[in-house]
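In case you want the letters, here they are:
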Amino acid sequence: MLKRLLGCFFRGEQFVILDVPLLYETGKLLFIVNRVVVVWCSAEQQLCRLMARNNLSEDEAKRRVNSQLPLDEKRSRADIGIDNNRSIEDTRQQVDDLYVSLRVSRAHWKLRGAALLVASVLFGCLIWIGLVLLS
C-alpha cells in the first residue's frame, strides 16, 4: 500500500482515499493520514447490512461487529463523518460535498514542500560529499 501511495504522490495526486476498516484498531496507518472519514449508520442497520452482504447469521454478524471499535467511538475520533442512515442520494450528496472540500484544500502542498526541502538537502549533501572525495 505504501508503494502505491508513493506512486500517487509522485504523480501529483492531490489526495488519496484509503478504505481501511480497522484503521483505529490496528493503528498502523494513522501516521500517514491527514484526515479520517467515518461512514456510519445505526447499530441495527450495520448488523442488517453485514448479514445481507456477507451472508452471516445474526450471531456471526454480532461477533464481527463486537470485535471492532464501536462506531460511536470511531465517529468521535474521526475528522469527518458521513451519515449513512438516510437515503443513498443523501449519502452521495455528503460524499460529493466532501470531494469538493478536498479538491479546494491546499494541504498537500505542505507535504510536497517538505519533501522538496528534504530532497534538496540530501542532494546538497551528496554533492558536498562528492566534492570532498574528489579534492
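On a predicted model such as this, the values are computed, not experimentally measured, just so you know.

**Student:** Explanation requested: the confidence of the model for the protein in the structure shown.
**Tutor:** Low pLDDT means the predicted coordinates in that region are not meant to be read closely. Per-chain confidence: the protein averages 88 in pLDDT, with 100% of residues scoring 70 or above. For the protein, the element scoring lowest by mean pLDDT is helix α1 (residues 2–11), at 80; strand β2 (residues 80–83) scores highest, at 96.

**Student:** Got a minute to help me understand the pattern of salt bridges in this structure?
**Tutor:** Note on pairing: side chains with opposite charge can pair once their charged atoms come close. In this structure the tally under the stated criterion is seven salt bridges. Across the pair Arg86 and Asp90 runs a salt bridge, and its minimum N-O distance is 3.0 Å. Among the ionic contacts, a cluster of salt bridges with common partners joins Asp83, Arg86 and Asp90.

**Student:** It is not clear to me how unusual backbone geometry should be interpreted in this structure. Could you clarify?
**Tutor:** Most of the time, phi is negative for any residue but glycine, and the peptide bond is trans. The phi angle at Asn55 is positive, at roughly 55 degrees, despite the residue not being glycine. Relative to the helices and strands, Asn55 resides in the loop between α3 (43–54) and α4 (58–66). A relative accessible area of 72% places Asn55 in the exposed class.

**Student:** Just to check I follow, could you spell out the layout of surface pockets for this structure?
**Tutor:** Sizing a probe to match a water molecule and rolling it over the atoms shows the empty space that remains. Put simply, the second largest pocket is a space of about 250 Å³. Taken together, 17 residues make up the lining of the second largest pocket; nearest its centre are Ala43, Gln46, Val65, Pro70 and Leu71. When contributions to the lining of the second largest pocket are tallied by element, the ones reaching two or more residues are α3, α4 and α5 (71–77). Among the residues forming the lining of the second largest pocket, the class breakdown is eight nonpolar, four polar and five charged.

Criteria and thresholds
- As a convention, each chain's residues are numbered from 1 in the sequence order in which they are written.
- Owing to the predicted nature of the model, reporting of local features is limited to residues with pLDDT of at least 70; listing and counting of side-chain atom pairs is limited to 80 or more, with chain, interface and lining totals taken over all residues.
- No hydrogens and no water enter the side-chain calculation; it runs on all heavy atoms of the structure.
- The predictor reports its confidence for every residue as pLDDT, a score running from 0 up to 100.
- Helix numbers and strand numbers start at the N terminus; a helix is a DSSP run of H or I with at least 4 residues, a strand a run of E with at least 2.
- Here, a salt bridge means any Lys or Arg side-chain nitrogen found within 4 Å of an Asp or Glu carboxyl oxygen.
- A 1.4 Å probe rolled over the protein chains alone gives each residue an accessible area, and that area as a share of the maximum for its type sets the label: buried under 20%, exposed over 50%, partly exposed in between.
- Cavities and pockets are defined on a 1 Å grid built over the protein atoms alone: a cavity is a set of grid points where a 1.4 Å probe fits but cannot escape, while a pocket is an open set with protein on both sides within 12 Å along at least five of seven lines, and lining residues are those with an atom within 4 Å of any such point.
- Grid points are joined across faces, edges and corners, and a volume is the space filled by probe spheres set on the points.
- All amino acids are sorted into three groups, where Ala, Val, Leu, Ile, Met, Phe, Trp, Tyr, Cys and Pro are nonpolar, Asp, Glu, Lys and Arg are charged, and the leftover types, Gly among them, are polar.

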